[in-house]
Amino acid sequence: MCHHNDGDTTMKLNEFFQDHYQPLKLRDGSIETVRLYGCTIRAFGKWLASAAGDEKGYIEPTLDHLDDMTVSRFLAKRASTRSKFTSEKERGQLLALWRLACDRGIKPIRPCVPPTNLPERIPRAWTVEELQRIVSAARKMKGYVGDTPANVFWPALILTCYQSAERIGAVMAVRKSDYSRPFIYMRAEVRKARKRDKVYRFTDPVCDLLDQLMRTRGEKLFEWKGPFTYLWGRFGAVIQAAGLQCGRRDKFHKLRRSAATHFAARGHDATAMLDHSSPRITKQYYLDPTMIQSGPNPSDVLPDIGSCPT
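Residues numbered from 1 in each chain as written. Predicted model: local features only at pLDDT ≥ 70, side-chain atom pairs only at ≥ 80, totals over all residues. Heavy atoms only, no water.

1. As for the pairing of strand β4 (residues 183–186)
Okay, so step 1: The alternating pattern of β4 places Ile184 and Met186 on a buried face and Phe183 and Tyr185 on a face that is not buried.
Okay, so step 2: In this sheet, β4 lies alongside strand β3 (residues 179–180) in antiparallel orientation, the contact comprising two bridges. The residue bridging Tyr179 from the neighbouring strand is Ile184, located in β4.
Okay, so step 3: Taking the residues that link successive antiparallel strands as the turn, the β3-β4 hairpin has two residues. (Buried < 20%, exposed > 50% of the residue type's maximum accessible area, 1.4 Å probe, protein only. Helix = DSSP H or I, 4+ residues; strand = E, 2+ residues; numbered from the N terminus. Pairing = 2+ DSSP bridges.)

Right, here's the structure in full:
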């Protein structure tokens, strides 16, 4: 292994990420991945300030701060105030930076911070009736998104995500040149694995909406000028207008889970639809078991003991 001692442990984590990690490990990384690393480093800096009683509210994290006890205490706090899933995502990112610093000969000791035991959540999807309510609410949205009426932009986006079962990042990256009615050509570069192009065909009502988007200004089919994170908040407003619960897991990825669940419930291969490498991934993370028949339930088979005479 080649070691390059081209820094010291007082180097800021942001500098190390930009000068070392990103060019070496994220050459093909998405903008979203880069953004999430930045969020983790900022959260670490805010916690360092809080732990030190720093009134400024932020201490710039350096490679020096990457030690087992400091990182473990940060992760414990994040798990208690955010979630275990957030904490585990941030553990993976901080340890990835730390390991590269060791590989580069900048830090001498590799991390020893074990992973958190994460609960396995049951995937939840929207029912057909709930999905219809969401689209109906989207058609009633007021105002504009850029120069597109909101009651065109939101139904078009929701139905495109649903009928393709693609991730929101890939859909938002679609260029107008990628759309030729009734198809959208999803370039490999904008998809998660970045390995394969995919082509999706849409129904006439969806294409009618997409045709309206084609007449707007901009290169993208779904032009979004504000911060990308704001998109989730505005979608949340549509969900709330539909009278549905809107939690952290009730956003765009639930459209993807819903499409996969209803596709599988009708006897089709959701693993192929989602372009997954394994049916296990599809079942564990995407298919809502309340909507798919997978054999008898215990209540269907066990003898009835609730009807016995008192």
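2. Side note on the packing of aromatic side chains
Okay, so step 1: This model, assessed by the stated rule, comprises 17 aromatic pairs.
Okay, so step 2: When the centroid spacing of 5.0 Å and the interplanar angle of 55° are considered together, the rings of Phe44 and Phe74 count as tilted. Here Phe74 lies in helix α3 (residues 68–81) and Phe44 lies in helix α2 (residues 31–52), a separation of 30 residues in the sequence. In this pair, the class of Phe44 matches that of Phe74, namely buried. (Phe/Tyr/Trp six-rings, centres within 6.5 Å; stacked < 30°, edge-to-face > 60°.)

3. Structural notes on unusual backbone geometry
Only a minority of non-glycine residues have a phi that is not negative, and only a minority of peptide bonds are not trans.
Okay, so step 1: The residue after Arg181, namely Pro182, is reached through a cis peptide bond having omega 5°.
Okay, so step 2: Mapped onto the elements, Pro182 comes out in the loop between β3 and β4.
Okay, so step 3: A positive phi is found at Ala165, a non-glycine position, where the angle reads about 60°.
Okay, so step 4: Along the polypeptide, Ala165 turns up in the loop between α6 (150–164) and α7 (168–172).
Okay, so step 5: One non-glycine residue, Asp275, lies in positive phi territory at about 65°.
Okay, so step 6: Here Asp275 lies in the loop between α11 (270–274) and α12 (279–285).

4. Here we look at the environment of Phe183
Okay, so step 1: Within the fold, Phe183 resides in strand β4.
Okay, so step 2: The spatial distance from the C-alpha of Phe183 to the C-alpha of Asp204 is 11 Å, given a sequence separation of 21 residues.
Okay, so step 3: The residues touching Phe183, leaving out its near neighbours within four places in the chain, are Asp178, Val199, Tyr200 and Arg201. (Contact = heavy atoms within 4.5 Å.)

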